[in-house]
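# Geometric and topological summary
Given next are the chains, with one letter for each unit.
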Amino acid sequence: MLNGSFREGGSTYLRLEEINPGTFNVFYYWLNSGIVDCTNGNKSLTPADVWDKMINAYIFADFHQSQIFRNAVLGSLFLYYGAQRGFHIAVVPRLYVNTHEGDAMGNLLVDLM
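Residues numbered from 1 in each chain as written. Predicted model: local features only at pLDDT ≥ 70, side-chain atom pairs only at ≥ 80, totals over all residues. Heavy atoms only, no water.

### Some words on the side chain of Arg70
For Arg70, the location among the structural elements is in helix H3 (residues 67-84). A distance of 3.0 Å separates polar atoms of two side chains, one belonging to Arg70 and the other to Tyr58. Residues within four places of Arg70 in sequence aside, it is in contact with Tyr58, Ala61, Asp62, Asp103 and Ala104. (Helix = DSSP H or I, 4+ residues; strand = E, 2+ residues; numbered from the N terminus. Polar contact = N/O pair within 3.5 Å; in protein donor to acceptor, adjacent residues only side chain to side chain. Contact = heavy atoms within 4.5 Å.)

### As for the nonpolar core
Counting 23 residues, the largest nonpolar core has Val36, Met54, Phe69, Val73 and Leu77 as the members making the most contacts within it. Elements that contribute at least two residues to this core include exactly helix H1 (21-33), helix H2 (47-63) and H3. With nine residues, the single largest contributor to this core is H2. Excluding anything up to four places from it in sequence, Met54 contacts Val36, Cys38, Val73, Ser76 and Leu77. (Core = buried A, V, L, I, M, F, W, Y, C linked by side-chain atoms within 4.5 Å. Buried < 20%, exposed > 50% of the residue type's maximum accessible area, 1.4 Å probe, protein only.)

### Re the pattern of salt bridges
Using the criterion set out here, one finds one salt bridge in the structure. We note a salt bridge from Asp62 to Arg70, for which the minimum N-O separation is 3.2 Å. By relative accessible area, Asp62 is classed as buried at 17%. (Salt bridge = Lys/Arg side-chain N within 4 Å of Asp/Glu carboxyl O.)

### Thoughts on the packing of H1 against H3
In contact at an axis separation of 11 Å, H1 and H3 are set at 100° when each is read in the N-to-C sense. For the element pair H1 / H3, the angle class is roughly perpendicular. Together, Val26, Phe27 and Trp30 of H1 and Ile68, Phe69 and Ala72 of H3 make up the contact between the two elements. Partitioned by chemical class, the residues of the contact of H1 with H3 number six nonpolar, no polar and no charged. (Axes fitted to C-alpha atoms, helices over the stretch in contact; angles between N-to-C directions. Parallel < 35°, antiparallel > 145°, perpendicular 65-115°, else oblique. Nonpolar A, V, L, I, M, F, W, Y, C, P; charged D, E, K, R; others polar.)

What follows is the structure in structure tokens.
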């Protein structure tokens, strides 16, 4: 199946040109650990920075149709919201532009408002 007639089928690598390295790092870390960590150990990130990184990870997962990663990010965001008791409103327009109507994250943010 993975060696089909598509361009990347016979290649040993896949170039993801439009992916932010920080966003891919969140995915890669989750892939190897099962933990969604958007802070990368940086304790100086503001809650707005964390929300921004989480939304980027969610959009990445949605675009690349990684349902398990998408659900993991959604769960992590919900737990983060519970700990912070709020979310960064500036992420909402970007989320709605980059996901489909009725998306789980959009529905969650509507419920949290």
